Amino acid sequence: MVMGTLVYGIRYTLPEYLCTLLVAGGVSAFALAKSSSKTISKLAHPNAPLGYGLCFLNLAFDGFTNATQDSISARYPKTGAWDIMLGMNLWGAIYNFVFMFGWPQASGYQAIEFCKNHPEAGWDILYYCLCGAIGQNFIFFTISRFGSLTNTTITTTRKFVSIVVSSVVSGNPLSRKQWGSVVMVFSGLSYQIYLKWQKAQKKRKTM
């Protein structure tokens, strides 16, 4: 949302900002509360500033990508999910090919040699790519139909629920701070669902 507003001037309502703040804040608070001293001690060279810096860069580039996808969909209404998917994967393949095979010591040659020595790994990679391609259809359909904000909310919620379920099933009880984070996330999601329902009701009345 921030990148969309700064780069492309996309306007969001105050309730949308509030929903996003609750979800993002809840997920962040949950992740920070889960970082115990036992977990940190397992790291070979703990470097919190570097880790947070890389996370910030990841979020910035991801936000710019999402905002660009929304801008393309708005400027070119006939652009479909497969058009965006083709563009993303085509340029991604070009960049990765140059990175992996652009010089003699590149990692791509080592990967090919590894697959030659372990053919079963090549099949696993193929299955992984096929599953990723199928999954991307749902992702880009959501982006083209409902926008990147909805897609980000779905993916973030899925990851968050997976973490919570994994913690409960594995016998790791959640602290009060973590349960507070869970309440924050689902409050934001519930409010977002209510806003969409309210918007749908207004459209029905005007028809």
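The structure presented is a predicted model; accordingly, all values stated were derived computationally and were not measured. (Residues numbered from 1 in each chain as written. Predicted model: local features only at pLDDT ≥ 70, side-chain atom pairs only at ≥ 80, totals over all residues. Heavy atoms only, no water.)

*Asks:* Hey, could you run me through the overall build of the protein chain in this one?
*Replies:* The secondary structure content of the protein chain amounts to 9 helices and 0 strands. For the protein chain, the sequential pattern of α-helices and β-strands runs α-α-α-α-α-α-α-α-α. With respect to the three principal axes, the spread of C-alpha positions in the protein chain is 65 × 50 × 30 Å. Within the span of the protein chain, comprising 207 residues, buried residues form 20% of the whole. Here the protein chain has roughly 15,400 Å² of accessible surface; of this, 69% comes from carbon and sulfur atoms. Here the protein chain contributes 18 positive and 7 negative side-chain charges, whose respective centroids are spaced 17 Å apart. (Helix = DSSP H or I, 4+ residues; strand = E, 2+ residues; numbered from the N terminus. Buried < 20%, exposed > 50% of the residue type's maximum accessible area, 1.4 Å probe, protein only. Areas by Shrake-Rupley, 256 points an atom, 1.4 Å probe, with all protein chains shown as cover. Lys, Arg positive; Asp, Glu negative; His and termini not counted. Charge placed at Lys NZ, Arg CZ, Asp CG, Glu CD.)

*Asks:* Please explain a nonpolar patch on the surface as it appears in this structure.
*Replies:* Side chains of Leu86, Leu90, Trp91, Ile94, Tyr95, Phe97 and Val98 sit close together on the surface and give an oily, nonpolar patch of about 780 Å² of accessible area. With respect to the helices and strands, the residue tryptophan 91 is situated in helix H5 (residues 81-101). (Patch = residues over 30% accessible without salt bridge, like charges linked within 9 Å, V, L, I, M, F, W, Y side chains within 5 Å. Salt bridge = Lys/Arg side-chain N within 4 Å of Asp/Glu carboxyl O.)

*Asks:* Please clarify how the packing of H5 against helix H6 (residues 107-117) should be interpreted in this entry.
*Replies:* Working note: a packed helix pair is described by the angle between its axes plus the distance between those axes. The contact between H5 and H6 brings their axes to 5 Å, and the two run at 85°. Taken together, the axes of H5 and H6 are roughly perpendicular relative to one another. Together, Phe99, Met100 and Phe101 of H5 and Ser107, Gly108, Tyr109 and Ile112 of H6 make up the contact between the two elements. Looking at the contact of H5 with H6 residue by residue, the classes come out as 5 nonpolar, 2 polar and no charged. (Axes fitted to C-alpha atoms, helices over the stretch in contact; angles between N-to-C directions. Parallel < 35°, antiparallel > 145°, perpendicular 65-115°, else oblique. Contact = heavy atoms within 4.5 Å. Nonpolar A, V, L, I, M, F, W, Y, C, P; charged D, E, K, R; others polar.)

*Asks:* Where do I start with the state of the cysteines in this structure?
*Replies:* Simply put, the disulfide is a covalent bond whose two ends are the sulfur atoms of two cysteines. A complete count under the given rule lists 0 disulfides for this structure. Here cysteine 129 is not disulfide-linked; the sulfur of cysteine 131 is the nearest cysteine sulfur, at 9.4 Å. (Disulfide = S-S within 2.5 Å.)

*Asks:* Any chance you could explain the packing of helix H8 (residues 148-169) against helix H9 (residues 176-206) here in plain terms?
*Replies:* In contact at an axis separation of 12 Å, H8 and H9 are set at 145° when each is read in the N-to-C sense. For the pair H8 and H9, the crossing hand works out as left-handed. Between H8, through Thr150, Thr153, Thr157, Phe160, Val161 and Val164, and H9, the contact on the second element is made entirely by Ser181, Val182, Val185, Phe186, Leu189, Gln192 and Lys196. Among the residues forming the contact of H8 with H9, the class breakdown is 7 nonpolar, 5 polar and 1 charged. (Left-handed = near helix turned anticlockwise from the far one by under 90°.)

*Asks:* What should I look at first to understand the nonpolar core in this one?
*Replies:* Generally speaking, nonpolar side chains in soluble globular proteins are found buried as a group. Within the largest apolar cluster, 8 residues are counted, these being Val23, Phe30, Phe160, Val164, Leu174, Val182, Val185 and Leu189. Listing elements by their share of this core, those giving two or more residues are helix H2 (14-34), H8 and H9. Of the residues forming this core, the biggest block, 3 residues, is contributed by H9. Residues contacting valine 185, with those up to four places away along its chain left out, are Leu22, Val23, Gly26, Val27 and Phe160. (Core = buried A, V, L, I, M, F, W, Y, C linked by side-chain atoms within 4.5 Å.)

*Asks:* Got a minute to help me understand the side chain of serine 148 in this structure?
*Replies:* Mapped onto the secondary structure, serine 148 falls in helix H8. Serine 148 gets classed as buried once you look at its relative accessible area, which sits at 5%. Setting aside chain neighbours within four positions, we find serine 148 in contact with Asn66, Asp70 and Ile143.

*Asks:* How should the side chain of glutamine 192 be read in this particular structure?
*Replies:* You can see glutamine 192 is positioned in helix H9. If we skip the residues at most four places from it in the chain, glutamine 192 touches Cys19 and Thr153.

*Asks:* Mind showing me how you'd approach the packing of aromatic side chains here?
*Replies:* Two measures describe an aromatic ring pair: the distance that separates the ring centres and the angle between the ring planes. Evaluated as defined, the whole model comprises 9 aromatic pairs. Between tryptophan 91 and tyrosine 95, the aromatic rings sit 6.0 Å apart at their centres with planes inclined by 35°, giving tilted as the arrangement. Of the two residues, tryptophan 91 and tyrosine 95 both sit in helix H5, 4 residues apart, roughly one turn of that helix. Residue class for tyrosine 95 comes out exposed when judged on its relative accessible area of 56%. Judged by centre distance (6.2 Å) and plane angle (35°), the rings of tryptophan 123 and tyrosine 127 are tilted. Linking tryptophan 123 with tyrosine 127, this pair stays in helix H7 (residues 119-146), spanning 4 residues, or about one helical turn. Members of the aromatic cluster, connected to one another through ring pairs, are Phe30, Phe160 and Phe186. (Phe/Tyr/Trp six-rings, centres within 6.5 Å; stacked < 30°, edge-to-face > 60°.)

Read these as geometric descriptors, not functional statements.
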